[in-house]
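Spelled out, the chains give:
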Amino acid sequence: MTDDTGTDLATDAVHSGENTDELSSVSGDVVSPIHLATHHEMDAPGESAHGYKYSRFGNPTREALETRLADLTGASEAIAFSSGTAAIATAGLALCDPGDHVVAFDGVYGGTRLLFEEFFRGKLGVEIEYVDATDATNVEAAIRPETTLLWMETPTNPLLKLCDLDAVASIADDHGIPLGVDNTFATPYSQRPLEQGADLVVHSTTKYLNGHSDSTGGAVATSDPALANRISELQAYTLGNLLAPFDSYLVLRGTKTFPLRMDKHERNARAIAEHLLEHPSVSRVNYPGLESHPQHELARRQMDGFGGIVSFELDATEAETRAVLEELDVFTIAVSLGGVESLVDHPWTMSASFISPEERREAGISESLVRMPIGIEGTSDLIEDIDRALENV
């Protein structure tokens, strides 16, 4: 995969943003140093040749990461945040006022839904309407004169449903409404929504971009200068929810192996999804790379890969499902995803537990649903671990 300048994504992952500051040019650093300074000396009151004043308004390590994230996502600008939720919240604040209306995919991550409900609807008076965006006509039908944002997530968490980005982007353009896409699951390795008409893309850098389960962060990427400026000003001058220098360094380090990791994540995920499809204890497997996935052809058309997440339904009770997870050895029971290690999550009691049972069921999340973010371990070891845990179901 290449970016707009023709550079391969793997090259950008290693080199973009490195050695751009004066210190690196003097010392010959191969990687960007960690700049921990909170404030910087000025040449005179209000004047600074190097452009830095205070860490909220700019940090060399964070800017190196933002340059790389912009290149990886095909954007002109990227803004790094303290979490993925902070990135979504700030993008929403930049585009929504009290009384506005947002159309969102009904399969969005539970944490995003909680943010929309508790903060945007509950505190700001922004109306949120959830639609089945697997059919783009549902998105268009929900648009009102007061609609100021379309919010998509594809594939969704945890059911891996897709929306047609080209179709939704065309609808957004026809109505003059910004389209935001959470691309955390697909990553820039498999999908670049800005190139398909989105106005902004959000990533939780905590996940695949960092890839080592040791940094929490998020990013907004866009090629709209006015939108980037609004988001940046909200971040720096109002909210202060920016990514710390050390976390910026960790994500810079993580992105260097990002394409290599994603290739292995996907190969493992595909093998496990195909294996689970034949398992007698499994009633359904959700993975866009399977021909049985209802949107497999769409995934083939708009993605360059199918990602590293598999979810599936067991033919079991909630107690039996929990017992299976407890039998796993190679897989670790934990929330989150995107690290090199394989995890397993029971959404009903873990990653989706903070929304009501009614909302969970409405979103298609059952007591027997299992989500597996597949790591980069040996494929046969992972499959053997799953088979052993499922022996008594």
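To be clear, the structure that these remarks concern was listed above.
If you're wondering where the values come from, they're calculated on a predicted model, not measured in any experiment. The numbers attached to residues start from 1 for each chain and follow its sequence in the written order. pLDDT decides what is reported in this predicted model: residues at 70 or higher carry local features, side-chain atom pairs at 80 or more are listed and counted, and totals for whole chains, interfaces and linings draw on all residues regardless. Values shown for side chains rest on all heavy atoms present in the structure; no hydrogens or waters enter the calculation.

### Overview of the packing of helix 3 (residues 60-73) against helix 10 (residues 245-255)
For helices, the axis comes from a line fit to the C-alpha atoms of the stretch in contact; other axes are also lines fit to C-alpha atoms, and the angle between any two N-to-C directions lies between 0 and 180 degrees. Only DSSP runs of H or I covering at least 4 residues are called helices, and only runs of E covering at least 2 are called strands; the numbering of each starts at the N terminus. Viewed as axis vectors pointing N to C, helix 3 and helix 10 meet at an angle of 35 degrees, and their least axial separation amounts to 8 Å. The two elements helix 3 and helix 10 cross, and the hand of that crossing is left-handed. Across from Thr61, Arg62, Ala64, Leu65, Arg68 and Leu72 in helix 3, the residues of helix 10 making contact are Pro245, Ser248, Tyr249, Val251, Leu252 and Thr255. We call Asp, Glu, Lys and Arg charged. Ala, Val, Leu, Ile, Met, Phe, Trp, Tyr, Cys and Pro are nonpolar, and the rest, Gly among them, are polar. Classifying every residue of the contact of helix 3 with helix 10 by side-chain character gives 7 nonpolar, 3 polar and 2 charged. Here is the rule for handedness: rotate from the far helix to the near one, and if that takes an anticlockwise turn smaller than a right angle the crossing is left-handed, while a clockwise turn gives right-handed. In this analysis, two residues are considered to be in contact whenever any of their non-hydrogen atoms come within 4.5 Å of each other.

### A few points about the nonpolar core
The tendency in soluble globular proteins is for nonpolar side chains to be buried side by side. Of all hydrophobic cores here, the largest spans 72 residues; its most connected members are Leu150, Trp151, Met152 and Leu179. Examining the composition of this core, we find that 7 residues originate from one element, helix 4 (residues 84-95), more than from any other. In this structure, leucine 179 is in contact with Leu150, Met152, Val168, Ala169, Ala172, Gly197, Ala198, Asp199 and Leu200, ignoring residues within four places of it in sequence. The next biggest cluster of nonpolar side chains, apart from the first, holds 31 residues, and it includes Leu162, Tyr287, Met303 and Val310. Take the buried Ala, Val, Leu, Ile, Met, Phe, Trp, Tyr and Cys residues and link them wherever side-chain atoms come within 4.5 Å; each set so joined is a nonpolar core. Burial classes: relative accessible area under 20% of the type maximum marks a residue as buried, over 50% as exposed, and values in between as partly exposed (1.4 Å probe, protein chains only).

### Quick word on helix 15 (residues 379-389)
When helix 15 is considered as a whole, its buried residues turn out to be Leu382, Ile383, Asp385, Ile386 and Ala389. Along the axis of helix 15, the buried positions cluster into a sector of 160 degrees, meaning they face one direction only. Of the surrounding elements, those touching the buried residues of helix 15 are helix 11 (258-277), helix 13 (318-327) and strand 12 (369-373). What the arc covers is the set of directions going from the helix axis to the C-beta atoms.

### What about the packing of aromatic side chains?
Aromatic rings from Phe, Tyr and Trp, taking only the six-membered ring of Trp, are treated as a pair when their centres fall within 6.5 Å; an angle between ring planes under 30 degrees marks them as stacked, one over 60 as edge-to-face, and anything in between as tilted. The full count for this structure, using the stated rule, is 9 aromatic pairs. Centroid distance phenylalanine 119 to phenylalanine 120: 5.3 Å. Interplanar angle 85 degrees. Geometry classified as edge-to-face. By the ring-pair criterion, three or more aromatic residues cluster together here, those being Phe116, Phe119, Phe120 and Trp151. Against the face of tyrosine 130 rests arginine 113, its NZ or CZ located 3.9 Å from the ring centre. Lysine NZ or arginine CZ positioned within 6 Å of the ring centre and within 35 degrees of the ring normal marks a charge as sitting over the ring. The positively charged end of arginine 360 is found above the aromatic ring belonging to tryptophan 348, 4.4 Å away from the centroid.

### What to know about the environment of arginine 68
When you line up the elements, arginine 68 lands in helix 3. Sequence-wise, arginine 68 and alanine 13 are 55 residues apart; in three dimensions their C-alpha atoms are separated by 6.9 Å. Any pair of nitrogen or oxygen atoms within 3.5 Å is treated as a polar contact; in protein, a donor-acceptor pairing is required on top of that, and neighbouring residues in sequence qualify only through side-chain atoms on both sides. Looking at arginine 68, its side chain comes within polar contact range of the side chain of threonine 255, at 2.9 Å.

### Concerning the sheet that holds strand 8 (residues 282-286)
Here the rule is simple: two strands pair whenever DSSP picks up at least two bridges between them. Strand order in the open sheet made by the 3 strands is 8-9-12, with antiparallel pairing throughout. Edge positions in the sheet fall to strand 8 and strand 12, since each of these pairs with one other strand and no more. Taken over all neighbouring pairs, the strand axes of this sheet differ in orientation by 20 degrees on average, direction set aside. Here strand 8 pairs with strand 9 (residues 309-314) via 4 bridges, running antiparallel. Bridging across to strand 9, arginine 284 finds its partner in glutamate 313. Across the face of the sheet, helix 11 comes into contact with strand 8 and strand 9 while running at roughly 15 degrees to strand 9.

### Comments concerning the pairing of strand 3 (residues 127-131)
Sheet topology note: the strand 2 (residues 101-105)/strand 3 ladder contains 5 bridges and is parallel. Opposite valine 102, over in strand 3, you have isoleucine 128 as the bridge partner. With helix 5 (residues 110-121) bridging strand 2 and its parallel neighbour strand 3, the resulting β-α-β unit is right-handed. The path from the first strand over the helix to the second decides the hand: if it runs clockwise while the strands point away from the viewer, the crossover is right-handed.

### Some remarks on a nonpolar patch on the surface
Without a salt bridge and with relative accessible area above 30%, a residue can belong to a patch; like charges are then joined within 9 Å and nonpolar side chains (Val, Leu, Ile, Met, Phe, Trp, Tyr) within 5 Å. Accessibility throughout is a Shrake-Rupley quantity obtained with a 1.4 Å probe, and a residue counts as covered only by protein chains that appear here. One side-chain nitrogen of Lys or Arg within 4 Å of one carboxyl oxygen of Asp or Glu is enough to make a salt bridge. Nonpolar side chains collect at one region of the surface, where Ile34, Leu36 and Phe246 lie side by side and expose about 290 Å² of accessible area between them. Looking at the element boundaries, phenylalanine 246 is found in helix 10. Accessibility expressed as a relative area gives 43% for phenylalanine 246, which makes it partly exposed.

### Here's the deal with unusual backbone geometry
The peptide bond linking threonine 154 to proline 155 adopts the cis configuration, its omega dihedral lying at -5 degrees. Here asparagine 157 and proline 158 are connected by a cis peptide whose omega angle stands at 10 degrees. You can see proline 158 is positioned in the loop between strand 4 (147-153) and helix 7 (165-175). Residue serine 213 is not a glycine yet carries a positive backbone phi of 55 degrees. Position of serine 213 relative to the elements: it lies in the loop between strand 6 (200-203) and strand 7 (218-222). On the accessibility criterion, serine 213 (47% relative accessible area) is partly exposed. Residues other than glycine seldom take positive phi values, yet serine 336 does so here, at roughly 75 degrees. Relative to the helices and strands, serine 336 is located in the loop between strand 10 (332-333) and strand 11 (343-344). Residue serine 336 is classed as partly exposed on the basis of its relative accessible area of 25%.

Bear in mind that shape data such as this cannot, by itself, settle questions of function.
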